[in-house]
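Examination of the molecular architecture
Residues per chain, in single letters:
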Amino acid sequence: MNILVINAGSSSLKYQLIRMEDETILCKGVCERIGIDGKYSYKTADGYKVEKSADLFTHKDAFDVILHEMVGGEGRVIHSVGEIAAVGHRVTHGGDKFSHSVLIDEATIEAINAMRSISPLHNPPQAATIRACRSVFGEKLPMVAVFDTAFHATMPPKAYTFAIPYKYYEQYGVRRYGFHGTSHRYVSGRIGELMGGQPHRLITCHLGNGSSLAAIRDGRVVDTSMGFTPLDGLMMGTRCGSIDPSIVSYIANLENLHESEMSHLLNGESGLLGVSGVSSDFRDVLEAAENGNKRAQLAADMLEYQIVKLIGSYAAALGGVDAILFTGGIGENAVDLREQVIRDLAYLGVTPDSEANRSRGEEVRISGPDSKVQVWVVPTNEEIMIARDTASFVQ
Ligand code: ADP
């Protein structure tokens with residue numbers, strides 16, 4: 001059975017066709033600059049590769065191109081649409097409504113679109129993408145929505161309620177939702193397999209361009225660092241993470257900033273980029289710090305400090321911790337950062353295995369044999385999680 005996985009942004013669309021029997025990626029690629037000038041890439045498991053400019057005026061054009069490459073192109077991997085059993089769509093926000101993946105019907109698309117007030121940048125284009133997908137692949141092909149927020153739906157009210165007038169939760173749904181749920185779910189399941197049993201108290205650290213931590217008890221999230229939007233929690237590539245909310249009106253007044261300008265400042269000009277002044281990319285920040293750039297060093301130190309602080313607070317929330325894991329581009333690759341975090345957690349009885357910690361992008365235990373808490377690196381795989389959820393609806 002083949003499952004097509006779609007991860008759509010406002011101007012991009014990543015896709016993978018996965019054969020579920022052995023979870024092989026038959027082909028994958030990305031359509032970019034949709035609605036601008038359009039280009040796409042397509043590569044297959046057999047090594048066929050293409051990168052082209054194309055007129056991608058809409059997401060429908062992008063689906064036409066993908067379908068053509070998969071079925072009719074030189075590097076085709078299937079003979080007809082009939083060989084695709086279902087499509088799984090990543091959807092950013094499921095609000096209070098979706099705590100699990102769902103089979104998509106018209107009402108689901110409308111509900112995803114209706115969450116535009118709490119997810120204006122992501123949900124409307126994703127709803128439109130689902131419609132475009134249906135128009136190209138046909139009404140009969142089952143489609144499943146997999147929500148970034150769903151895994152966090154088990155948080156208790158004391159973790160998800162903000163201390164502002166309660167009516168804003170009741171009227172507008174202002175609460176902590178959490179994001180990256182599909183990643184946290186995948187890695188927390190995988191570490192259970194690697195450890196030979198689900199750890200009772202687990203902290204998952206997804207560190208990438210966007211970063212979030214989750215505190216997980218017996219496989220269920222009890223707290224997570226992203227909030228009402230993915231701006232909250234840790235500092236990120238360009239996002240500020242948690243700051244004193246008064247700063248927002250203070251700077252907006254001084255600089256006469258409109259709401260959208262302020263939002264751009266916090267989402268697009270802050271984080272590693274804002275502090276270092278060098279880059280949002282952690283590799284660039286580390287390189288600049290090594291070359292003596294003090295602000296780059298400060299940004300790297302701040303990130304490490306915030307991770308350690310948050311792990312400490314989640315250890316408190318869980319009443320102790322049995323395992324900690326790192327994932328995401330930074331979590332899987334930033335060896336020195338991981339080593340420092342482990343050293344700063346010595347008070348929890350954590351010790352490093354510095355040799356094992358040198359590896360990048362691999363599943364590996366990086367805590368020493370005498371460590372009271374197991375620490376692991378588990379590369380994330382959101383696509384396979386989406387594909388498995390989708391397959392479960394058609395099986
Ligand atoms: P996204 O959140 O967009 O999926 P990724 O999970 O791919 O992003 O993470 C991207 C981040 O990972 C970037 O900040 C990048 O610098 C960082 N990264 C990748 N490789 C390394 C490395 N070897 N050392 C440190 N950071 C790295």
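See the structure above.
A brief structural summary. All figures in this text were calculated on a predicted structure; none of them were measured in a lab. (Residues numbered from 1 in each chain as written. Predicted model: local features only at pLDDT ≥ 70, side-chain atom pairs only at ≥ 80, totals over all residues. Heavy atoms only, no water.)

Quick notes on the packing of aromatic side chains
- Here the structure, examined in full by the defined rule, presents seven aromatic pairs.
- Ring geometry for F63 and F137: centres 5.9 Å apart, planes at 85°, overall edge-to-face. Taken together, the residues F63 in helix α1 (residues 59-72) and F137 in helix α3 (residues 123-137) connect sequence positions 74 residues apart. Side by side, F63 and F137 carry an identical accessibility label, which is buried.
- When the ring of Y168 is compared with that of Y172, the centres are 5.9 Å apart and the planes differ by 15°; the resulting orientation is stacked. Of this pair, Y168 and Y172 both sit in helix α5 (residues 167-172), four residues apart, which is roughly one turn of the helix.
- For Y168, a relative accessible area of 30% gives the class partly exposed.
- Here a set of aromatic residues connected by ring pairs shows up, and it is made of Y160, Y166 and Y169.
- Lying over the aromatic face of Y160, R175 brings its terminal NZ or CZ to 3.6 Å of the ring centre. (Phe/Tyr/Trp six-rings, centres within 6.5 Å; stacked < 30°, edge-to-face > 60°. Helix = DSSP H or I, 4+ residues; strand = E, 2+ residues; numbered from the N terminus. Buried < 20%, exposed > 50% of the residue type's maximum accessible area, 1.4 Å probe, protein only. Lys NZ or Arg CZ within 6 Å of the ring centre and 35° of its normal.)

A word on α3
- An ideal rise of 1.5 Å per residue puts 21 Å on 15 residues; α3 measures up with 21 Å between its terminal C-alpha atoms.
- Within α3, 12 of the 15 residues are buried, which leaves it mostly tucked inside the rest of the structure.
- Burial in α3 covers these residues: N123, P124, P125, Q126, A127, T129, I130, A132, C133, R134, V136 and F137.
- Packing partners of the buried residues in α3 comprise β1 (2-8), β2 (13-19), α1, β6 (84-91), α2 (106-114) and β8 (143-147).
- G138 sits one or two residues past α3 and shows a positive phi near 100°. (Expected span 1.5 Å × (residues − 1). Contact = heavy atoms within 4.5 Å.)

Quick word on the site of the ligand
- Around the ligand, the structure places G208, N209, G210, D281, F282, R283, G328, G329, I330, N333, A334 and R360.
- Separating an oxygen atom of the ligand from a side-chain N or O atom of N209 is a distance of 2.9 Å.
- Within the backbone of R283, one N or O atom sits 3.1 Å away from an oxygen atom of the ligand.
- Secondary structure elements with two or more residues in the shell around the ligand: α10 (282-290) and α12 (328-333).
- It is α12 that provides the largest number of residues to the shell around the ligand, a total of four residues.
- Residues that form the shell around the ligand fall into these classes: three nonpolar, six polar and three charged. (Near = heavy atom within 4 Å. Polar contact = N/O pair within 3.5 Å; in protein donor to acceptor, adjacent residues only side chain to side chain. Nonpolar A, V, L, I, M, F, W, Y, C, P; charged D, E, K, R; others polar.)

Regarding the environment of R343
- Structurally, R343 is set in helix α13 (residues 335-344).
- Taking the relative accessible area as the measure of exposure, R343 reaches 45% and is therefore partly exposed.
- R343 sits 35 residues away from V308 along the chain, and the two C-alpha atoms are 9.8 Å apart.
- Excluding its chain neighbours within four sequence positions, the residues that come into contact with R343 are P352 and S354.

Thoughts on the state of the cysteines
- Under the criterion given, the structure shown has zero disulfides.
- No disulfide involves C27; its sulfur sits 11 Å from the nearest other cysteine sulfur, which is in C31.
- We classify C27 as buried; its relative accessible area is 0%. (Disulfide = S-S within 2.5 Å.)

Re the sheet that holds strand β13 (residues 364-365)
- Taken together, six strands build an open sheet; the order of strands is β11-β10-β9-β12-β14-β13 and the sheet is mixed. In the strand order of this sheet, the two ends are held by β11 (220-224) and β13, each with one partner.
- Summarising the sheet, strand β12 (residues 323-327) and strand β14 (residues 374-377) pair through four bridges and their orientation is parallel. Paired with L325 across the two strands is W376, which belongs to β14.
- Of the strands in this sheet, β9 (201-207), β10 (211-217), β11 and β12 touch helix α11 (residues 294-318), which is tilted by about 20° from β10. (Pairing = 2+ DSSP bridges. Axes fitted to C-alpha atoms, helices over the stretch in contact; angles between N-to-C directions.)

A closer look at the packing of α2 against α3
- Contact pair α2 / α3: the axes reach a minimum separation of 8 Å and the direction vectors enclose 155°. Taken together, α2 and α3 sit at an angle that is classed as roughly antiparallel. Packed against α2, whose contacting residues are E106, I109, E110, I112 and N113, the element α3 presents N123, P124, A127, I130, R131 and R134 at the interface.
- When the residues that make up the contact of α2 with α3 are grouped by side-chain class, the tally is five nonpolar, two polar and four charged. (Parallel < 35°, antiparallel > 145°, perpendicular 65-115°, else oblique.)

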